[in-house]
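Summary of structural features
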Amino acid sequence: MSRPADLPLHQHLIDRIHRHGPLPFSAVMETALYDTEHGFFGSGQGSAGRRRGDFITSPEVGPLFGAVLGRALDSWWDELGRPDPFVVVDAGAGVGTLAVSVLAATPRCAPALHYVLVERSPALRERHGDHLPLAPPASSLGVPGAGDGPVVVSLAEMPATSFTGVVVANELLDNVPVDLLVRTGDAWGEMRVGMDEAEEAMVGHVVPASDPARVAADRFAPGAPDGATIPWQHRAGEWVRDALDRIDAGRLVVIDYGVDRTTELADRPMGEWLRTYRGHDRAGDPLADLGTADITVEVCIDQLAAAGQPVSVRYQHEFLGAHGIDVLVAEGQRIWQERAHLGDLTAIRGRSRVAEAEALLDRSGLGGFRVVEWTRV
Ligand SMILES: C[S@@+](CC[C@H](N)C(=O)[O-])C[C@H]1O[C@@H](n2cnc3c(N)ncnc32)[C@H](O)[C@@H]1O
């Protein structure tokens, strides 16, 4: 873990280390990703078409993912008794690609739909208006029974008051800053970020873990071997708790790559589950070139479940299957057969559903992501 202080974020963090001593890893990850001037997402460098090795996020694969989500939204709207407004929060919306494809799919719930993109990066939020007809923030929660949907709103944070509807977060929680806990003998330490002896580069320093960190580590990784490191995802847990608090009736749906139990990560080297990406490739040391790479951590579902017990945990291929991806692919094939001779956009979109489905259902890639759902009634 090293890097000379030649980038603005490095200088800023080194100044903070000199003032406060070694920083929690979550503070460094927060700055590296969300600093509004130089952070990877905050400045808008990391955005659409985000790739991890060989695959991109599901909404960026093409419009099929949003079309399946549209069918899921209709089924949840029916379950709730077709409320109007029906609020759908797209949390960590990025540039808004998922919103575009959900709306293009014209779900049945559209007349009641208040689609709220929530994106903390001002630079990415600025791009929502490029391809979406945005209404003022005040209309996010709507007027009961107005039937004025679809209404699309872009916000920096979750709506302040609770609502009936759905919160969906695709690949958000893997980017929520974590702290790192290290098993040292029969105790737990916390990996902080300080300076090396020459005071030139940032390196990891292990300090005794705080009481809450130790309690969490004993709870989620009992029996971890000496030297094992785990992520403590308390901020992701708080995000889940906060999202559930906003929902009067409805559902929280988190889609991400992750593991059922934190202990699974304790058994693997940290570099496998704490990863960096730049320009579609793995980027190496998370403390190098801060702000120029995506920093992402596999989500520990047991830590999220501590914030509220999910009603369902399944793979993305199962979730998409349950919400009719096969029906949409068959429809696409039929459209292609009928219109292939025209070779128009509708025909080509129909045909591309086959390739999109392959990517979305691939069990060694996006199809192997986890879909975690909580309900509120
Ligand atoms: C990997 S991108 C995913 C974008 C999009 N959901 C997709 O699947 O293509 C994660 C996004 O979540 C945003 N984000 C992270 N934490 C957030 C929070 N607490 N509230 C809103 N947005 C957040 C980041 O700025 C980034 O744009």
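Described below are features of the structure shown in this document. (Residues numbered from 1 in each chain as written. Predicted model: local features only at pLDDT ≥ 70, side-chain atom pairs only at ≥ 80, totals over all residues. Heavy atoms only, no water.)

Below, the discussion takes up the overall build of the chain. A count of helical and extended segments in the chain gives 15 helices and 19 strands. For 377 residues, the compact-globule formula gives about 21 Å, and the C-alpha radius of gyration of the chain, at 22 Å, lands near that figure. Seen along its three principal axes, the alpha-carbon backbone of the chain occupies a region of about 70 × 45 × 40 Å. Restricting to contacts in the chain with at least 6 residues of sequence separation, those with at least 24 account for 76%. When the accessible surface of the chain is summed, it comes to about 15,700 Å², and 51% of that surface belongs to carbon and sulfur atoms. Averaging the locations of the 34 positively and 53 negatively charged side chains of the chain gives two centres separated by 4 Å. (Helix = DSSP H or I, 4+ residues; strand = E, 2+ residues; numbered from the N terminus. Rg over C-alpha atoms; globule rule 2.2 N^0.38 Å. Contact = heavy atoms within 4.5 Å. Areas by Shrake-Rupley, 256 points an atom, 1.4 Å probe, with all protein chains shown as cover. Lys, Arg positive; Asp, Glu negative; His and termini not counted. Charge placed at Lys NZ, Arg CZ, Asp CG, Glu CD.)

In this approach the atoms are scanned with a rolling probe the size of a water molecule, which exposes any empty space left behind. Here the structure, examined in full by the defined rule, presents two cavities of 30 Å³ or more. Counted as a void, the largest cavity has a volume near 40 Å³. Along its surface, the largest cavity is lined by Thr276, Arg278, Asp285, Pro286, Ala288, Asp289, Leu290, Gly291, Thr292, Ala293 and Ile295. Residues belonging to the lining of the largest cavity are distributed by class as follows: five nonpolar, three polar and three charged. Residue lining of the second largest cavity: Val254, Ile255, Asp256, Tyr257, Gly258, Val299, Ile301, Arg370 and Val372, and that is the complete set. Among the secondary structure elements, those contributing two or more residues to the lining of the second largest cavity are strand E12 (247–256) and strand E19 (370–376). Top element by residues in the lining of the second largest cavity is E12. It accounts for three residues. Across the lining of the second largest cavity, the residue classes break down as six nonpolar, one polar and two charged. (1 Å grid on protein atoms, 1.4 Å probe; cavity = no way out; pocket = protein on both sides within 12 Å on 5 of 7 lines; lining within 4 Å. Points joined across faces, edges and corners; volume = space filled by probe spheres on them. Nonpolar A, V, L, I, M, F, W, Y, C, P; charged D, E, K, R; others polar.)

On to the packing of helix H1 (residues 8–20) against helix H2 (residues 25–34), then. Each pair of packed helices gets described by two things: the angle between the helix axes and the distance between those axes. Taken N-terminus to C-terminus, the directions of H1 and H2 make an angle of 150 degrees; their axes are 11 Å apart at the nearest point. Considered as vectors, H1 and H2 are oriented roughly antiparallel to each other. Handedness of the crossing formed by H1 with H2: right-handed. Contacts between H1 and H2 involve Leu9, His12, Leu13 and Arg16 from the first element and Ala27, Val28, Thr31 and Ala32 from the second. When the residues that make up the contact of H1 with H2 are grouped by side-chain class, the tally is five nonpolar, two polar and one charged. (Axes fitted to C-alpha atoms, helices over the stretch in contact; angles between N-to-C directions. Parallel < 35°, antiparallel > 145°, perpendicular 65-115°, else oblique. Left-handed = near helix turned anticlockwise from the far one by under 90°.)

Turning to the layout of surface pockets, a few remarks are in order. Its boundaries defined by the atoms lining it, the largest pocket holds a volume of some 830 Å³. Along its surface, the largest pocket is lined by 34 residues, and Ala91, Gly92, Glu119, Arg120 and Leu172 are the ones closest to its centre. Of all the elements in the fold, those that place two or more residues in the lining of the largest pocket are helix H3 (58–61), strand E4 (86–91), helix H5 (97–104) and helix H9 (234–246). Sorting elements by how many residues they give to the lining of the largest pocket places H9 first, with four residues. Split by residue class, the lining of the largest pocket holds 16 nonpolar, eight polar and ten charged. What the second largest pocket holds in volume is close to 440 Å³. Taken together, 20 residues form the lining of the second largest pocket, with Pro63, Ala67, Ala104, Ala105 and Arg353 sitting closest to its centre. Elements with a contribution of two residues or more to the lining of the second largest pocket: helix H4 (64–79), H5, helix H14 (325–339) and helix H15 (345–361). A total of six residues in the lining of the second largest pocket trace back to one element, the largest contributor, which is H15. Class assignment of the residues belonging to the lining of the second largest pocket gives a composition of eight nonpolar, six polar and six charged.

With that out of the way, let us pick up the sheet that holds strand E15 (residues 281–282). What the three strands build is an open sheet, ordered E15-E14-E16; its pairing is antiparallel. The sheet is open, and its two edges are formed by E15 and strand E16 (294–297), each paired on a single side. Direction of pairing for strand E14 (residues 274–278) relative to E16: antiparallel, over a ladder of four bridges. When the bridges of E16 are listed, arginine 275 appears paired with threonine 296. Here H2 sits on the sheet in contact with E14 and E16, set at roughly 135 degrees to E16. (Pairing = 2+ DSSP bridges.)

Another point: helix H8 (residues 211–220). Listing the buried residues of H8 in full gives Ala213, Ala216, Ala217 and Phe220. Mapping the buried residues of H8 onto a view down its axis gives an arc of 100 degrees, with all of them on the same face. For H8, the exposed residues set more than 90 degrees away from the buried face come down to Asp211, Val215 and Arg219. Buried residues in H8 make contact with strand E8 (179–184), strand E9 (187–195), strand E11 (229–232), helix H10 (263–266) and helix H12 (301–305). (Buried < 20%, exposed > 50% of the residue type's maximum accessible area, 1.4 Å probe, protein only. Arc of directions from axis to C-beta.)

Taken as a whole and judged by the stated rule, the model has 20 salt bridges. Between arginine 82 and aspartate 78 there is a salt bridge; the shortest N-O distance is 2.9 Å. Of the residues examined, aspartate 78 reaches a relative accessible area of 31% and is grouped as partly exposed. One continuous salt-bridge network, built from bridges that share partners, spans Glu79, Arg251, Arg314 and Glu373. (Salt bridge = Lys/Arg side-chain N within 4 Å of Asp/Glu carboxyl O.)

In this section: the pairing of E4. Where a strand is regular, its side chains alternate between the two sheet faces. In terms of burial, E4 is largely enclosed, as six of its six residues are buried. Because side chains alternate across E4, one face comprises the buried residues Phe86, Val88 and Asp90, and the other comprises Val87, Val89 and Ala91, equally buried. Bridge count between E4 and strand E5 (residues 113–118): six bridges; the pairing is parallel. From the neighbouring strand, valine 87 faces E5, where its bridge partner is histidine 114. In the classification by handedness, the crossover that spans E4, the intervening H5 and the parallel E5 is right-handed. Where E4 and strand E7 (residues 163–170) come together, four bridges link them in parallel fashion. Within E7, the residue paired with aspartate 90 across the bridge is valine 168. (Right-handed = clockwise from strand over helix to strand, strands pointing away.)

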